[in-house]
Amino acid sequence: MEIRAKQGSTLKYYSQFYNLPHILLQHSNPGQMAAIFKSHDRVRIPGYLDSKDGSDTAKIRIEEPLINPKIRYDFSALQKDIEVLTEAYPFMEKRIIGKSVLNKPIIELRIGRGPKKIHWNGSFHGNEWITTCAIMKFLNEYLAALTTGRNINKVDPLQIYESTTLSIVPMVNPDGVDLVLNGPPPEQFEKLYELNGQSGDFTGWKANIRGVDLNKQYPAKWQEQKQKGVSAPSPRDFGGTEPLCEPESSSMARLAEDSQFDLLLAFHTQGKEFYWGYEGMEPPESKIIAEAFAKASPYQSVKDIDSFAGYKDWFIKKFRKPGFTIELGKGINPLPLSQFDEIYREVFGIFLTSLIVL
Ligand SMILES: [Zn+2]
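Remember, predicted model here, so these are calculated numbers, not experimental data. (Residues numbered from 1 in each chain as written. Predicted model: local features only at pLDDT ≥ 70, side-chain atom pairs only at ≥ 80, totals over all residues. Heavy atoms only, no water.)

Quick notes on the coordination of the zinc ion
Here the zinc ion is held by H125 (ND1), E128 (OE), E128 (OE) and H268 (ND1), and the distances to it run 2.0 to 2.5 Å. With four donor atoms in place around the zinc ion and angles of 56 to 150° between them, the coordination shape is irregular. Sequence spacing of the donors to the zinc ion: H-x2-E-x139-H. Linking E128 in the loop between β5 (116-121) and α4 (130-148) with H268 in strand β7 (residues 263-269), this pair joins segments that are 140 residues apart in sequence. A relative accessible area of 2% means that E128 is categorised as buried. Exposure remark for H268: the relative accessible area of 2% places this residue in the buried category. (Donors = N, O, S within 2.8 Å, 3.2 Å for Na, K, Ca; no water. Tetrahedral: all angles 85-135°; square planar, octahedral: opposite > 155°, others 65-115°. Helix = DSSP H or I, 4+ residues; strand = E, 2+ residues; numbered from the N terminus. Buried < 20%, exposed > 50% of the residue type's maximum accessible area, 1.4 Å probe, protein only.)

Shown next as structure tokens:
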């Protein structure tokens, strides 16, 4: 919430009054680090609901999750939830790292300013949108834990916040997700109907809206992968005319280049397993982290699979840092929402471990 400041007050004062870590108030009010407020200034108080009179006397702490991502999570549902969370937890940063083919923003969220840089992403593939739901649910839990001071499974959330910078791109492929959930935009129907093998059922669509598989776009054995895949735009498995020719995949490449992540997790469905090798180029800590994930979840650790040109493949090859593809749930994509609770329960340990393992 946002309140009118008291004349002469400081962030330190609000930190005590609202029982909030000082650092969260600092990051919620950038540029006012050491300032003494005047009475017309506004102060953002994370984790509290707006009081009706705009004063700071009504203290209503947000205890329950603010969002419920266990729904058919299209881009507009995601956008709404991001708005709710950035409003309630303004220490979370939001920025647009690129645009999809249909000009939808590809949104990155950042939590924490610590030295260990961790990245998660979801919905590289349209029919794997349930990955975004799981990421957003954990994100809400983490944010709420920070402002209420509750531990997450015995882990102090503030310790995570101070030691890590968590970068999240919850929906890499918004056009693909919207196609799966809502069908094609009218003006694109004919073209997509053709690409889809003259079928009006788009639920199995993995690619972006131009029929390029975004996770077969990266310069890590791209040519080899291309020969195994299909040779023209298609609902799945077409690697594009050249590496990173699509705006979604190139935005994600740029993000990794600019950010120098220490650990990267790409969430997909399905298989209840995770992959962490690439041609022996993965660093020694990949194995240690894989062991920690296997301990924290029932998912199977698998070093190598016969598939290349994915985001984590390229990340390992280019930066020699640990990268993981995590395959949530089991069944035929898109996995039904009835699997969501089980998926969340099983991947929870991987989310949390990724934040404390380095
Ligand atoms: Zn996938």
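That covers the picture; the talk isn't over yet.
Things to note about the nonpolar core
General note: in soluble globular proteins, nonpolar side chains tend to be found buried as a group. Formed by 69 residues in total, the largest nonpolar core has its most connected members in I111, W120, F324 and I326. At 12 residues, the largest contribution of residues to this core is made by α4. With residues near it in sequence (within four places) discarded, I326 still touches L265, A266, F267, H268, E273, F274, F293, Y299 and I350. Judged by nonpolar contacts, the second largest core, of 21 residues, contains V169, L214, F261 and F315. (Core = buried A, V, L, I, M, F, W, Y, C linked by side-chain atoms within 4.5 Å. Contact = heavy atoms within 4.5 Å.)

Remarks on α4
In a regular helix each residue adds 1.5 Å, so 19 residues correspond to 27 Å; α4 covers 27 Å between its end C-alpha atoms and thus fits that length. Of all 19 residues making up α4, 17 are buried, and the element is well covered by its neighbours. Looking one or two places after α4, you find G149, whose phi comes out positive at around 80°. (Expected span 1.5 Å × (residues − 1).)

Re the packing of aromatic side chains
Two aromatic rings, taken as a pair, are described by how far apart their centres are and by the angle between their planes. Overall, the coordinates contain 30 aromatic pairs when judged by the stated rule. For the pair F124 and Y218, a centre-to-centre distance of 6.2 Å together with 70° between the ring planes defines the contact as edge-to-face. A residue pair is termed long-range when its members are at least 10 positions apart, and F124 in the loop between β5 and α4 and Y218 in the loop between α7 (189-195) and α8 (222-228) qualify at 94 residues. Ring geometry for Y218 and W314: centres 5.6 Å apart, planes at 35°, overall tilted. Placement of the pair is Y218 in the loop between α7 and α8 and W314 in helix α11 (residues 311-319), with a sequence separation of 96 residues. Residue Y218 is classed as buried on the basis of its relative accessible area of 0%. Here the aromatic residues W120, F138, F267, F340, Y344, F348 and F351 are joined through ring pairs into a cluster of three or more. (Phe/Tyr/Trp six-rings, centres within 6.5 Å; stacked < 30°, edge-to-face > 60°.)

Comments concerning unusual backbone geometry
The omega torsion across T269 and Q270 is 5°, close enough to zero to call that bond cis. With an omega of -5°, the peptide bond between N333 and P334 qualifies as cis. Look at S123: it is not a glycine, yet its phi comes out positive at around 55°. What makes S123 buried here is its relative accessible area of 1%. We note that R320 has phi near 55°; this positive angle belongs to a residue other than glycine. For R320, the position within the fold is in the loop between α11 and β10 (323-328). The class for R320 is partly exposed, based on a relative accessible area of 46%.

Some thoughts on the sheet that holds strand β4 (residues 105-111)
The strand order across the open sheet formed by eight strands is β3-β4-β6-β5-β7-β10-β8-β9, and the pairing between neighbours is mixed. In this open sheet, the two edge strands, each paired with only one partner strand, are β3 (93-99) and β9 (300-302). Mean inter-strand twist for the sheet, computed between neighbouring axes without regard to direction, equals 20°. In this fold helix α9 (residues 247-259) packs onto β3, β4, β5 and β6 (164-169), with an angle of close to 130° to the strand it touches most, β3. (Pairing = 2+ DSSP bridges. Axes fitted to C-alpha atoms, helices over the stretch in contact; angles between N-to-C directions.)

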